[in-house]
Amino acid sequence: MIREFTLTAAVLAGSTAMGQAAEIRLGYALSENSHYGAGAMAFEETLTQELGDAFTVRQFPNSGLGGEREVIEGMQIGTIDATIASSGTLSNFVPEVGVFDIPFLLRDLDHARTVLDGEIGDQMLAKFDDVGLHALAWGEQGFRHITNSRGPISTPEDLAGLKIRTMENPVHLKAFEALGAAPTPMAWPEVIPALQQGAIDGQENPLSVIVSANLDEVQKYASLDGHVYSPAIILVSQQLWDGLDDDQKAAFDTAADAAVAAMRDYVDNVEAEGVATLRERGMEVNILDAEQKQAFQDGLADVYTEYEAEFGKELMDSIIATQ
Ligand code: PAF
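The rules we used
- Residues numbered from 1 in each chain as written.
- Predicted model: local features only at pLDDT ≥ 70, side-chain atom pairs only at ≥ 80, totals over all residues.
- Heavy atoms only, no water.
- Near = heavy atom within 4 Å.
- Polar contact = N/O pair within 3.5 Å; in protein donor to acceptor, adjacent residues only side chain to side chain.
- Areas by Shrake-Rupley, 256 points an atom, 1.4 Å probe, with all protein chains shown as cover.
- Nonpolar A, V, L, I, M, F, W, Y, C, P; charged D, E, K, R; others polar.
- Buried < 20%, exposed > 50% of the residue type's maximum accessible area, 1.4 Å probe, protein only.
- Helix = DSSP H or I, 4+ residues; strand = E, 2+ residues; numbered from the N terminus.
- Contact = heavy atoms within 4.5 Å.
- Salt bridge = Lys/Arg side-chain N within 4 Å of Asp/Glu carboxyl O.
- Phe/Tyr/Trp six-rings, centres within 6.5 Å; stacked < 30°, edge-to-face > 60°.
- pLDDT = per-residue confidence, 0-100.
- Axes fitted to C-alpha atoms, helices over the stretch in contact; angles between N-to-C directions.
- Parallel < 35°, antiparallel > 145°, perpendicular 65-115°, else oblique.
- Left-handed = near helix turned anticlockwise from the far one by under 90°.
- Core = buried A, V, L, I, M, F, W, Y, C linked by side-chain atoms within 4.5 Å.
- Pairing = 2+ DSSP bridges.
- Right-handed = clockwise from strand over helix to strand, strands pointing away.
- Expected span 1.5 Å × (residues − 1).

(A) Geometry of the site of the ligand. Neighbouring residues of the ligand: Ala29, Leu30, Tyr36, Glu68, Ser86, Gln141, Arg144, Arg165, Met167, Trp188, Asn205 and Val209. A distance of 2.6 Å is found between an oxygen atom of the ligand and a side-chain nitrogen or oxygen belonging to Tyr36. Here Glu68 contributes a side-chain N or O atom positioned 2.6 Å from an oxygen atom of the ligand. Protein coverage of the free-state accessible area of the ligand, which is 290 Å², stands at 99%. Across the shell around the ligand, the residue classes tally to six nonpolar, three polar and three charged.

Below you can see the structure in the form of structure tokens.
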């Protein structure tokens, strides 16, 4: 992680009146060609449209400022200004957000977007203000699927003993343990080398990541089970946010909305075309039908009781009931 102090936006937010541009250091895990890159570009362009050259956004893609956890910790101490990161990592900072990581809770993209754009999503974003961060909006990755080097996965039995990398996320870990896999939590920057070296057999991520990170180069099989929706959040440091005036805050909100729209567009496209892309690149892709997915959901019945105890049955029921 880059630890030296630069004149970040947080430091300079108060000095824009003197004509100095404040640099916003925006770190994210994936490439500029990914949904995160699309979101970052829309954020940068919109902020410039709204505020001229008061701020310059400097992007650090491909974990250029460290893994997601390190970037978020950097934001808490004010050395990094902004990020787009997955809820999987963010639930280590605001555990309540983990409710969205529960497998099969969000039914489809429309359902997920309605929940996140509504009151439940807003209440979750507000919780980041208590941990030195300010969450601007819910971005998106899409539904997560399994890739591996052993063979197609169509039933929970196919997961038996599979060394599968999960995010450092207790909700996901519990689910894969319950399904009989051998889950290995690992930070994203270590995943591709671990797949190359055969230290793990597989990983799980949405098509947006599988396609943009070229996982077909290190994995033979993709099994589209859509076991969990994967939200992302666009965040700035509390230090930066507190230094903005009301007009600047409104411009950051507008820029985040543009980032969300760009990410969702990217996800819609990759959901439509990603399978063909992966097959063209030589991957063997199987798409689970509703009955096959139900077998995975049934395998999680016991952990669902644990999730209810942890996150509250009422909250889970109101997410399920959202139309
Ligand atoms: O699997 C993960 O850790 C995340 O989905 C990723 C790829 C870093 C994007 O946030």
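(B) The arrangement of helix α5 (residues 109-117) in detail. For α5, the complete set of buried residues consists of Leu109, His111, Ala112, Arg113, Val115 and Leu116. As for α5, its buried residues are in contact with α6 (119-126), β4 (133-148), β8 (221-237), α11 (246-280) and α14 (313-321).

(C) Layout of the side chain of Thr322. Relative to the helices and strands, Thr322 is located in the segment after α14. Residue classification places Thr322 among the buried residues on the basis of a relative accessible area of 19%. In contact with Thr322, other than residues within four places in its own chain, are Arg107, His111, Thr114, Val115 and Ile120.

(D) Representation of the pattern of salt bridges within the structure. Counted by the stated rule, this structure contains ten salt bridges. Residue Lys313 pairs with Asp317 through a salt bridge whose shortest N-O separation is 3.0 Å. Residue Lys313 and its partner Asp317 are located together in helix α14, separated by four residues, close to a single helical turn. The class for Lys313 is partly exposed, based on a relative accessible area of 44%. Salt bridges sharing common partners tie together Arg113, Glu140 and Asp268.

(E) Main features of the packing of aromatic side chains. As enumerated under the stated definition, the model contains five aromatic pairs in all. Measuring from ring centre to ring centre gives 5.2 Å for Phe100 and Trp138, while their planes differ by 85°; the resulting arrangement is edge-to-face. Highlighted residues: Phe100 in the loop between α4 (87-90) and α5 and Trp138 in strand β4, separated in sequence by 38 residues. Residues Phe100 and Trp138 agree in their burial class; the two are buried. Judged by centre distance (5.9 Å) and plane angle (75°), the rings of Tyr304 and Tyr307 are edge-to-face.

(F) Spatial organisation of the confidence of the model for the chain. For the chain, the average pLDDT comes to 94, and 94% of its residues sit at 70 or higher. Scored below 50 in pLDDT, residues 1-7 makes 14 contacts in the model with residues more than four places away or belonging to other chains. Confidence drops under a pLDDT of 50 for residues 14-18, and excluding neighbours within four residues, the segment shows six contacts in the predicted structure.

(G) Inspection of unusual backbone geometry at higher detail. Here the phi dihedral of Ser63 falls at roughly 55°; this positive angle occurs in a residue that is not glycine. On the secondary structure map, Ser63 appears in the loop between β2 (55-60) and α3 (68-77). Not every positive phi belongs to a glycine, and Phe104 is a case in point at roughly 60°. When you line up the elements, Phe104 lands in the loop between α4 and α5.

(H) Highlighting the packing of α5 against α11. Here α5 crosses α11 at 165°, and the two axes come no closer than 13 Å. One way to sum up the angle between α5 and α11 is to call them roughly antiparallel. Once α5 is placed against α11, the crossing between them reads as right-handed. Every residue of α11 that contacts α5 at Leu109, Arg113 and Asp117 is listed here: Arg264, Val267, Asp268 and Glu271.

(I) Highlighting the nonpolar core. One finds Val99, Phe100, Ile102, Phe128, Leu159 and Tyr307 to be the most contacted residues of the largest nonpolar core, which totals 52 residues. Here this core gets five residues from one element, more than from any other, and that element is β4. When near neighbours in sequence (up to four residues on either side) are disregarded, Val99 contacts Leu105, Met124, Phe311, Leu315, Met316 and Ile319. Judged by nonpolar contacts, the second largest core, of 51 residues, contains Leu26, Ala54, Met186 and Leu207.

(J) Structural view of the pairing of strand β6 (residues 182-185). Inspection of the sheet shows strand β5 (residues 163-166) paired to β6 by four bridges, in the parallel sense. Bridge pairing links Thr166 to Pro185 in β6. You can see the chain leave β5, run along helix α7 (residues 170-178) and come back into β6, and the turn it takes is right-handed.

(K) Geometry of helix α2 (residues 35-51). Taking 1.5 Å per residue, 17 residues should reach 24 Å; α2 reaches 24 Å between its end C-alpha atoms and fits that length. Within α2, burial applies to His35, Tyr36, Gly37, Gly39, Ala40, Ala42, Phe43, Thr46 and Leu47. Two or three places before Tyr36, at the opening of α2, Ser34 has a side-chain oxygen 3.2 Å from that residue's backbone nitrogen. A positive phi of about 60° marks Gly52, the residue just after α2.

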